[in-house]
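So you can see what is in the structure, the chains are spelled out below.
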Amino acid sequence: MDDRVREHAEVLVDWSARVEAGDQVVMDVAEGAHDLAVAVAAELGERDATLLTTYGSSEVGRAFLRGGDDDDREFAHSEPKLAMLEAADVYLRIGGGRNTTALADVDGGRRRRARKATTATREARMDTDWVSTVHPTRSLAQQAGMAYEEYRDFVYDAVLRDWESLADEMANMKEVLDAGSEVRIEKERTDLTMSIEGRTAVNSAASVAYDSHNLPSGEVFTAPHATEGEVYFDVPMTIDARRVRGVSLTFEDGEVVDFAAEQGEEAIADVLDTDEGARRLGELGIGMNRGIDRFTDSILFDEKMGDTVHLAVGRAYDACLPEGESGNDSAVHVDMITDMSEDSRMLVDGEVVQRNGTFRWEDDFSAE
């Protein structure tokens, strides 16, 4: 086993999930992620946690979603899965897979109904100390357009970081957002404003101790509202196993009133039609992980990349909201990314905070 797999497992268990003796841990393992699962199990055993392992497959999921002849088939939530998650202290998702587009031919209406049916289990998962990561597989390397060995190096460069140092750097962005009231993003085909009044930004340093649930991470995010204007997402991505490129959204009174895509417009329509909350923003995220140096068509990595901003339609995270206040609610949370490396500005309360990918506390920053 590559020593980096064991190091990945140690970071996941200790830094990210903060597993302690006696914790009830559920580990959900995708196809192709066996080695990392073995390494994580060893780490959990050393810490005297309990472990229940489940294995997931996109191909199995496709078979279930396509089963039955009724186009209006309803989906019931899984009582056993709900009970399992309600009893868990920690939930670890080990991603991988054999085919990144296994669900591409599943009807959009069925996808929406299935997402709504899993609301209870999704909420139970989010009540745990949950962390998602990914083991480098050949299918993910193919999706990224990289050789397998090259992709493994890329993944470990992003995951095996000095997270404490990065957390200190990202604290600058959190301080700006916490003190701010309005964010404006300007670039070609984009002029978007959104309120962050009363919101709390999350310094997402790959640990539940920071209200962060992805490994790798490396972003600062908050829950915007009262969104106005237009935004163009120029970073291609895969949404619901369908390739999407060149997405434009127009907001009025906080809601998407018009949209278009150069490719995959049907996938965007399916997302926005999920429920009322799917047409409002749930997240503004600023990528700050310089260890991620290229786009790989994986939202886990791409949204964390330095020189990017991402916006998610759908659910807002409670960590960004005042206690007792409910943010945007939806069965979806779908991120889309715009490249801020050239001819762009991000302003908070009228002051330029980032220009052409460089933050005001970094060398070579220029507000003009």
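No experiment lies behind these values; they were computed from the predicted model shown.

The rules behind each value
- Residues numbered from 1 in each chain as written.
- Predicted model: local features only at pLDDT ≥ 70, side-chain atom pairs only at ≥ 80, totals over all residues.
- Heavy atoms only, no water.
- Helix = DSSP H or I, 4+ residues; strand = E, 2+ residues; numbered from the N terminus.
- Buried < 20%, exposed > 50% of the residue type's maximum accessible area, 1.4 Å probe, protein only.
- Lys, Arg positive; Asp, Glu negative; His and termini not counted.
- Charge placed at Lys NZ, Arg CZ, Asp CG, Glu CD.
- Pairing = 2+ DSSP bridges.
- Axes fitted to C-alpha atoms, helices over the stretch in contact; angles between N-to-C directions.
- Core = buried A, V, L, I, M, F, W, Y, C linked by side-chain atoms within 4.5 Å.
- Salt bridge = Lys/Arg side-chain N within 4 Å of Asp/Glu carboxyl O.
- Phe/Tyr/Trp six-rings, centres within 6.5 Å; stacked < 30°, edge-to-face > 60°.
- Contact = heavy atoms within 4.5 Å.
- Expected span 1.5 Å × (residues − 1).
- Polar contact = N/O pair within 3.5 Å; in protein donor to acceptor, adjacent residues only side chain to side chain.
- Parallel < 35°, antiparallel > 145°, perpendicular 65-115°, else oblique.
- Left-handed = near helix turned anticlockwise from the far one by under 90°.
- Nonpolar A, V, L, I, M, F, W, Y, C, P; charged D, E, K, R; others polar.

Undergrad: Break down the overall build of the protein for me, with residues and values.
TA: The number of helices and strands found in the protein is 11 helices and 18 strands. Projected onto the principal axes, the alpha-carbon positions of the protein cover approximately 55 × 50 × 45 Å. Every one of the 368 residues in the protein was classed for burial, and the buried ones make up 52%. The distance from the centre of the 38 positive side-chain charges to the centre of the 79 negative ones in the protein is 5 Å.

Undergrad: Any details on the sheet that holds strand β4 (residues 129–134)? Residues and values, ideally.
TA: An order of β2-β1-β3-β4 is seen for the 4 strands of this open sheet, with the pairing classed as parallel. Looking at the sheet topology across the chains shown, the edges are occupied by β2 (50–56) and β4. Here the strands of the sheet are splayed against their neighbours by 15 degrees on average, with no regard to which way each runs.

Undergrad: Go over the nonpolar core, please, and point to the residues and values.
TA: Core analysis: the biggest nonpolar cluster contains 85 residues, and Val40 and Met173 have the highest contact counts within it. The element best represented in this core is helix α9 (residues 163–179), accounting for 7 residues. By size, the runner-up hydrophobic cluster in this structure holds 8 residues, among which are Leu82, Ala88, Ala124 and Met126.

Undergrad: So what's going on with the pattern of salt bridges? Residues and values would help.
TA: Close approach of charged atoms allows side chains of opposite charge to pair. With the rule as written, the count across this model stands at 33 salt bridges. Here aspartate 3 ties to arginine 6 by a salt bridge, and the two come within 3.5 Å at their closest N and O atoms. Taken together, the positions of aspartate 3 and arginine 6, both in helix α1 (residues 3–16) and 3 residues apart, correspond to about one turn of that helix. By relative accessible area, aspartate 3 is classed as exposed at 58%. Note that arginine 47 and aspartate 14 form a salt bridge whose closest N and O atoms lie 2.6 Å from each other. Of this pair, arginine 47 sits in the loop between α2 (34–46) and β2 while aspartate 14 sits in helix α1, and the two are 33 residues apart along the sequence. Judged by relative accessible area, which is 31%, aspartate 14 ranks as partly exposed. What you see here is one network of salt bridges that share partners, running through Arg111, Arg112, Arg115, Asp240, Arg242 and Asp270.

Undergrad: Lay out the packing of aromatic side chains in plain terms, naming residues and giving numbers.
TA: Within this structure, the stated rule accounts for 6 aromatic pairs. Taking 5.3 Å as the distance between ring centres and 50 degrees as the angle between the ring planes, the aromatic pair formed by phenylalanine 154 and phenylalanine 301 counts as tilted. Pair noted here: phenylalanine 154 is in helix α8 (residues 148–159) and phenylalanine 301 is in helix α11 (residues 299–302), with a separation of 147 residues, a long-range link. An identical accessibility class is assigned to phenylalanine 154 and phenylalanine 301; each is buried.

Undergrad: How would you sum up the sheet that holds strand β15 (residues 333–339)? Please name residues and give values.
TA: With antiparallel pairing, 5 strands are arranged side by side in an open sheet as β7-β8-β13-β14-β15. Strands at the two margins of the open sheet, each flanked by one partner only, are β7 (202–204) and β15. Across this sheet, the average inter-strand angle for adjacent strands is 25 degrees, counted without regard to direction. Summarising the sheet, strand β14 (residues 308–314) and β15 pair through 7 bridges and their orientation is antiparallel. Across the sheet, leucine 311 pairs through a bridge with methionine 336, a residue of β15. Its contacts with the sheet put α9 on β7, β8 (219–222) and β13 (281–287), and the angle it makes with β8 is roughly 25 degrees.

Undergrad: Residues and numbers for α9, please.
TA: An ideal rise of 1.5 Å per residue puts 24 Å on 17 residues; α9 measures up with 24 Å between its terminal C-alpha atoms. When we look at burial in α9, the residues that qualify are Trp163, Leu166, Ala167, Met170, Met173, Val176 and Leu177.

Undergrad: Any chance you could break down the pairing of β8 for me, citing the residues and the numbers?
TA: Of the two faces of β8, both are covered, the one formed by Glu219 and Phe221 as well as the one formed by Val220 and Thr222. Relative to β13, β8 runs antiparallel, the two being bridged by 4 bridges. Across the sheet, phenylalanine 221 pairs through a bridge with glycine 285, a residue of β13.

Undergrad: Requested: an account of the side chain of arginine 73, with residues and values cited.
TA: Mapped onto the elements of the fold, arginine 73 is located in the loop between α3 (58–66) and α4 (79–87). Given a relative accessible area of 16%, arginine 73 falls into the buried group. Beyond its immediate stretch of four places on either side in the chain, arginine 73 contacts Phe64, Leu65, Gly67, Arg110 and Arg113.

Undergrad: Account for the environment of alanine 241, with residues named and values stated.
TA: When you line up the elements, alanine 241 lands in the loop between β10 (237–239) and β11 (242–252). For alanine 241, a relative accessible area of 14% puts it in the buried group. The sequence separation of alanine 241 and serine 132 amounts to 109 residues, and the corresponding C-alpha distance is 19 Å. In contact with alanine 241, other than residues within four places in its own chain, are Thr100, Thr101, Leu103, Ala104 and Arg111.

Undergrad: Account for α3, naming residues and giving values.
TA: Structurally, the start of α3 carries an N-cap: the backbone nitrogen of glutamate 59 is 3.2 Å from a side-chain oxygen of serine 57. Looking one or two residues beyond α3, the residue adopting positive phi is glycine 68, at roughly 95 degrees.

Undergrad: Could you give me a rundown of the packing of α4 against helix α6 (residues 119–126), with the residues and numbers involved?
TA: Interaxial distance between α4 and α6 falls to 8 Å at its minimum, and their mutual angle equals 15 degrees. The pairing of α4 with α6 is recorded here as roughly parallel in orientation. Taken as a pair, α4 and α6 cross one another with a handedness that is left-handed. The residues of α6 that touch α4, namely those facing Lys81, Leu82, Leu85 and Glu86, are Ala120, Thr121, Ala124 and Arg125. Residues that form the contact of α4 with α6 fall into these classes: 4 nonpolar, 1 polar and 3 charged.

Interpretation in functional terms is not warranted from these geometric data alone.
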